[in-house]
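Residue-level listing of the chains:
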Amino acid sequence: MATHFSPATPVRSILQPKQNPPKALLSIRDSYGAGLVWKKCQPSTVNVCSWSSAASYVTPPGGSAKFSGNPIVAKKQLLQKRAGTVRAATIEEIEAEKSVIEKDAKGRMEKTIETVRSNFNSIRTGRASPAMLDKIEVDYYGSPVGLKSLAQISSPDGTSLLISPYDKSSLKSIEKAIVASDLGMTPNNDGEVIRLTLPQLTSDRRKELTKVVSKQAEEGKVALRNIRRDALKAYEKLQKEKKLSEDTLKDFSSDLQKWTDEYVKKLDTISKQKEKELLKV
């Protein structure tokens, strides 16, 4: 039987009957990483397939292809903003901070008192004392060295001092240092020892020396007040850090003022004692 061919009918349509396009099988990995899961996907008009998966890639039999669109995040992110908290200091911590500040301040005040006392000892009175030479420094081989380190100093009587150097070659240097000082004494060098004789203090000279004592005492008081100021700043810093309350700060400041006043009284005591020695004929 002959088949009739129409000119409008394509030859391929007769030889190859129309078939539905095969459905693509794509392999994807599930969100939990359990393995490959085969999915069917119908191509759309824009040739983009989409499904729920945590993967950004799928693997078809012919290779890999990247799909457009935002990936679906399976794990929810939990972000919680926490407000800042301030922990109040314990009583032990507060006492420890206070102890450190007080220890430092009291130590510095003690050194101030000792410095003023040493300066008072270097001011000569009517009686000879080895402490009068505490501030003398000697140029020993190009370096300043305290006289007490270079010689033995004694007071054979109440009006003279005897200086016996350990190194006889330093006699000239010691003599020069004494002349350059403000002791107002003339050294007598016999080649073995140096003798110093204290001249009698005049009334005017005694008054001048009492003024020197008063000045040094006032400088010591200023140093004590500065130390108190530093300690108070340390307390105020703790209060700003919320470690001290305002009432506690006031209590600490009051205690600080009390023992500062005690050190000022000590300074007044040794100052008056020195003035009394100077005015004694």
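The sections below set out a description of the structure shown in this document. Every value quoted in this text rests on a predicted model; they were computed, and no experiment measured them.

Let us look at the overall build of the protein. Scanning the protein for helices and strands turns up 6 helices and 10 strands. Relative to its full complement of 281 residues, the protein shows a buried share of 28%. At a minimum sequence separation of 6, the contacts of the protein that also span at least 24 residues come to 55%. For the protein, the computed accessible surface area is about 20,300 Å², with 52% contributed by carbon and sulfur atoms.

With that settled, consider unusual backbone geometry. Trans peptide bonds make up the majority, and among non-glycine residues the majority have a negative phi. The backbone phi angle of Y141 is positive, close to 55 degrees, even though this residue is not glycine. Mapped onto the fold, Y141 is located in the loop between β5 (137-140) and β6 (143-146). Positive phi is not limited to glycine here, since K242 has a value of about 65 degrees. Tracing the backbone shows K242 in the loop between α5 (203-240) and α6 (246-279). When its relative accessible area of 60% is taken as the criterion, K242 is described as exposed.

Right, let's get into the packing of α5 against α6. With their axes 10 Å apart at the nearest point, α5 and α6 run at an angle of 170 degrees to one another. Here α5 is positioned roughly antiparallel relative to α6, judged by the angle of their axes. The element α5 and its partner α6 pack so that their crossing is right-handed. Tallied by class, the residues present in the contact of α5 with α6 amount to 15 nonpolar, 8 polar and 9 charged.

The subject of this paragraph is the packing of aromatic side chains. Inspection of the entire model under this criterion finds 2 aromatic pairs. Arranged with centres 4.7 Å apart and planes meeting at 80 degrees, the rings of Y140 and Y141 form a pair that is edge-to-face. Y141 gets classed as exposed once you look at its relative accessible area, which sits at 67%. Measuring from centroid to centroid gives 5.2 Å for Y235 and F252, while their planes differ by 50 degrees, and the two rings are tilted.

Here β5 pairs with β6 via 4 bridges, running antiparallel. From the neighbouring strand, D139 faces β6, where its bridge partner is P144. Here β5 folds back onto β6 in antiparallel fashion, the turn holding 2 residues, of which Y141 has a positive phi close to 55 degrees.

The next point concerns α5. The terminal C-alpha atoms of α5 lie 56 Å apart, and with 38 residues this matches the ideal 56 Å at 1.5 Å per residue to within 8%. Note on α5: the residue one or two positions beyond its end, K242, has a positive phi of about 65 degrees.

For helix α4 (residues 171-180), the complete set of buried residues consists of L171, I174, A177 and I178. Across the axial projection of α4, the buried residues extend over an arc of 130 degrees, all falling on one side. Facing away from the buried side of α4 by over 90 degrees, the exposed positions are K172, K176, V179 and A180. At its buried positions, α4 is contacted by β5, α3 (147-150), β7 (151-157), β8 (160-165), β9 (188-189) and β10 (194-197).

The subject of this paragraph is the environment of R206. Note that R206 resides in helix α5. The spacing of R206 and T125 is 81 residues in sequence and 8.1 Å in space, taken between C-alpha atoms. A polar atom in the side chain of R206 sits 2.6 Å from the backbone oxygen of L278.

Turning to the side chain of E102, a few remarks are in order. Looking at the element boundaries, E102 is found in helix α2 (residues 91-121). Each residue touching E102, except ones within four places of it in the same chain, is listed here: Y235 and W259.

As summarised here, the arrangement of the 4 strands in space is β7-β8-β10-β9, forming an open sheet in which the pairing is antiparallel. The sheet is open, and its two borders are formed by β7 and β9, each paired with just one other strand. When β8 meets β10, the two strands line up antiparallel, connected through 4 bridges. Counterpart to I163 in the pairing with β10 is I194. Docked against the sheet, α4 engages β7, β8, β9 and β10, running at close to 20 degrees with respect to β10.

What counts and what doesn't
Residues numbered from 1 in each chain as written. Predicted model: local features only at pLDDT ≥ 70, side-chain atom pairs only at ≥ 80, totals over all residues. Heavy atoms only, no water. Helix = DSSP H or I, 4+ residues; strand = E, 2+ residues; numbered from the N terminus. Buried < 20%, exposed > 50% of the residue type's maximum accessible area, 1.4 Å probe, protein only. Contact = heavy atoms within 4.5 Å. Areas by Shrake-Rupley, 256 points an atom, 1.4 Å probe, with all protein chains shown as cover. Axes fitted to C-alpha atoms, helices over the stretch in contact; angles between N-to-C directions. Parallel < 35°, antiparallel > 145°, perpendicular 65-115°, else oblique. Left-handed = near helix turned anticlockwise from the far one by under 90°. Nonpolar A, V, L, I, M, F, W, Y, C, P; charged D, E, K, R; others polar. Phe/Tyr/Trp six-rings, centres within 6.5 Å; stacked < 30°, edge-to-face > 60°. Pairing = 2+ DSSP bridges. Expected span 1.5 Å × (residues − 1). Arc of directions from axis to C-beta. Polar contact = N/O pair within 3.5 Å; in protein donor to acceptor, adjacent residues only side chain to side chain.

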